[in-house]
Amino acid sequence: MAIVGATATGKSSVALGVARRLGGRVELVSVDSMQVYVGLDIGTAKPTLTEQREIPHHCIDLVEPTVDFTVADFRIASAHALATIAGRERCALLVGGTGLYHRVVIDDLDLPGEFPAVRESLEGESDTSALFDRLRSLDPAAAAKIEPGNRRRIVRALEVTVGAGRPFSSFGPGLDSYPATDVAQIGIRRPREVTAERVERRVHAMIDAGLLDEVRELHARGLSRTARQALGYKELIEHLEGRMSHDEAVERIIVRTRQFAVRQERWFRRDPRVRWIDVGDGPVDPVIDTVIDAFETA
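Engineer: Could you give an account of the overall build of the protein, with specific residues and numbers?
Structural biologist: Summing up its helical and strand segments, the protein has 13 helices and six strands in all. With the principal axes as the frame, the protein shows a C-alpha extent of 55 × 50 × 35 Å. Within the protein, the fraction of its 298 residues that count as buried is 47%. Restricting the contact set of the protein to residue pairs at least 6 apart, pairs at least 24 apart contribute 75%. Computed over 40 positive and 45 negative side-chain charges, the separation of the two mean positions in the protein equals 2 Å.

Engineer: Quick rundown of the side chain of T128? Include the residues and the values.
Structural biologist: Along the chain, T128 turns up in helix α6 (residues 128-138). Exposure remark for T128: the relative accessible area of 18% places this residue in the buried category. The contact partners of T128, leaving out residues within four places of it in the chain, are P148, R151 and I154.

Engineer: Describe in detail the nonpolar core, supporting the description with residues and values.
Structural biologist: Of all hydrophobic cores here, the largest spans 47 residues; its most connected members are Y37, F74 and L236. In contact with F74, not counting residues within four places along its chain, are S30, V31, V36, C59, F69, Y101 and V105. Judged by nonpolar contacts, the second largest core, of 24 residues, contains V18, A19, V279 and V284.

Engineer: Which residues make up the packing of helix α10 (residues 211-221) against helix α11 (residues 233-240), and what are the values?
Structural biologist: Where α10 contacts α11, the axes come no closer than 10 Å and their chain directions differ by 75°. As judged from the angle between their axes, α10 and α11 are roughly perpendicular. From α10, L211, L212, E214, V215, R216, L218 and H219 reach across to α11, where they touch Y233, L236, I237, H239 and L240. Taken together, the residues of the contact of α10 with α11 sort by class into eight nonpolar, two polar and two charged.

Engineer: If you had to explain the packing of aromatic side chains to someone new, which residues and values would you point to?
Structural biologist: For the coordinates displayed, the defined rule picks out one aromatic pair. Over the face of the ring belonging to F171 we find R166, whose NZ or CZ atom lies 3.7 Å from the ring centre.

Engineer: With reference to specific residues and values, describe the pairing of strand β5 (residues 185-189).
Structural biologist: Along any regular strand, the residues point their side chains to alternate faces of the sheet. Taken across its five residues, β5 has four buried, putting it largely inside the fold. Where strand β1 (residues 2-5) lies against β5, four bridges are found, and the strand directions are parallel. Across the sheet, the residue bridging to V4 is G187, located in β5. The pairing of β5 with strand β6 (residues 274-278) spans five bridges and is classified as parallel. Within the sheet, the bridge partner assigned to I186 lies in β6 and is R275.

Engineer: Quick one: what's the story with helix α13 (residues 285-297), residue by residue and with numbers?
Structural biologist: Helix length check: α13, at 13 residues, gives a terminal C-alpha distance of 19 Å against a target of 18 Å (1.5 Å per residue), a fit within 8%. Buried within α13 we find V287, I288, T290, V291, I292, A294 and F295. For α13, the elements touching its buried residues are β1, α1 (11-21), β2 (26-30), β4 (91-95), β5 and β6.

Engineer: Which residues make up the environment of S78, and what values go with them?
Structural biologist: By the element assignment, S78 lies in helix α3 (residues 71-87). Separated by 20 residues in sequence, S78 and H58 place their C-alpha atoms 7.8 Å apart. The residues contacting S78, other than those within four sequence positions of it, are C59 and V105.

Definitions and cut-offs
- Residues numbered from 1 in each chain as written.
- Predicted model: local features only at pLDDT ≥ 70, side-chain atom pairs only at ≥ 80, totals over all residues.
- Heavy atoms only, no water.
- Helix = DSSP H or I, 4+ residues; strand = E, 2+ residues; numbered from the N terminus.
- Buried < 20%, exposed > 50% of the residue type's maximum accessible area, 1.4 Å probe, protein only.
- Contact = heavy atoms within 4.5 Å.
- Lys, Arg positive; Asp, Glu negative; His and termini not counted.
- Charge placed at Lys NZ, Arg CZ, Asp CG, Glu CD.
- Core = buried A, V, L, I, M, F, W, Y, C linked by side-chain atoms within 4.5 Å.
- Axes fitted to C-alpha atoms, helices over the stretch in contact; angles between N-to-C directions.
- Parallel < 35°, antiparallel > 145°, perpendicular 65-115°, else oblique.
- Nonpolar A, V, L, I, M, F, W, Y, C, P; charged D, E, K, R; others polar.
- Phe/Tyr/Trp six-rings, centres within 6.5 Å; stacked < 30°, edge-to-face > 60°.
- Lys NZ or Arg CZ within 6 Å of the ring centre and 35° of its normal.
- Pairing = 2+ DSSP bridges.
- Expected span 1.5 Å × (residues − 1).

Printed below as a string of structure tokens:
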């Protein structure tokens, strides 16, 4: 079973509530691309050590923040976690908001590999239009689904097409397909203005909890290309490097996190398999009851 939705909607509270009430029958699997990093704690809203001792958590603190971590790596880690939980005759509850990681787990997607040398060569080409034209020539099906100005996606599609020797679009049915799955998905939904307010409160709480000191220490050690993209960390690194004031960095974290929440909501909303529960500005207790009922009837 999985709990999905945008950031700051209460997914983690629901998951902990369910696990506590089911008394040892459930273990939690984090589906968060940044909680995999050791030391990225405050800004990722990682479960506390007390919570992790109380309820078994998986796919947290998998690698050092100096290491690049990909969705392919997560596929391996999550498969191991699910096998471990099943071996203990317990139920897995997926919780998190990284949409692609989530789809990899529930749909067992056919994932293309990583080809760093090819990617480096492509990133050396400054003309995004030329890259897009090349993709359109090599893999028109992939190009048709990518905006001509979306350089990151164009480079990734070309990297796979060139590196794997087969079109990027040939890997599985793609994210636009929603096949039958045994994983029941329950989504938490709040009005966007409510989520926006909750995001602002959470960002300020993270700052008060010492996020800047956490980022300063991590930055001094060095962060990988993927780890330094984490919301909150990226902006505070810019502040530490003198590119913006502290207040500007905090405001940018709030704005970008709100934008991210909207993208998350849109991502999960496209999946017709998600059962949505609207909680307004209220507590998430009704969602806990729904998830427990689903476990009991599964």
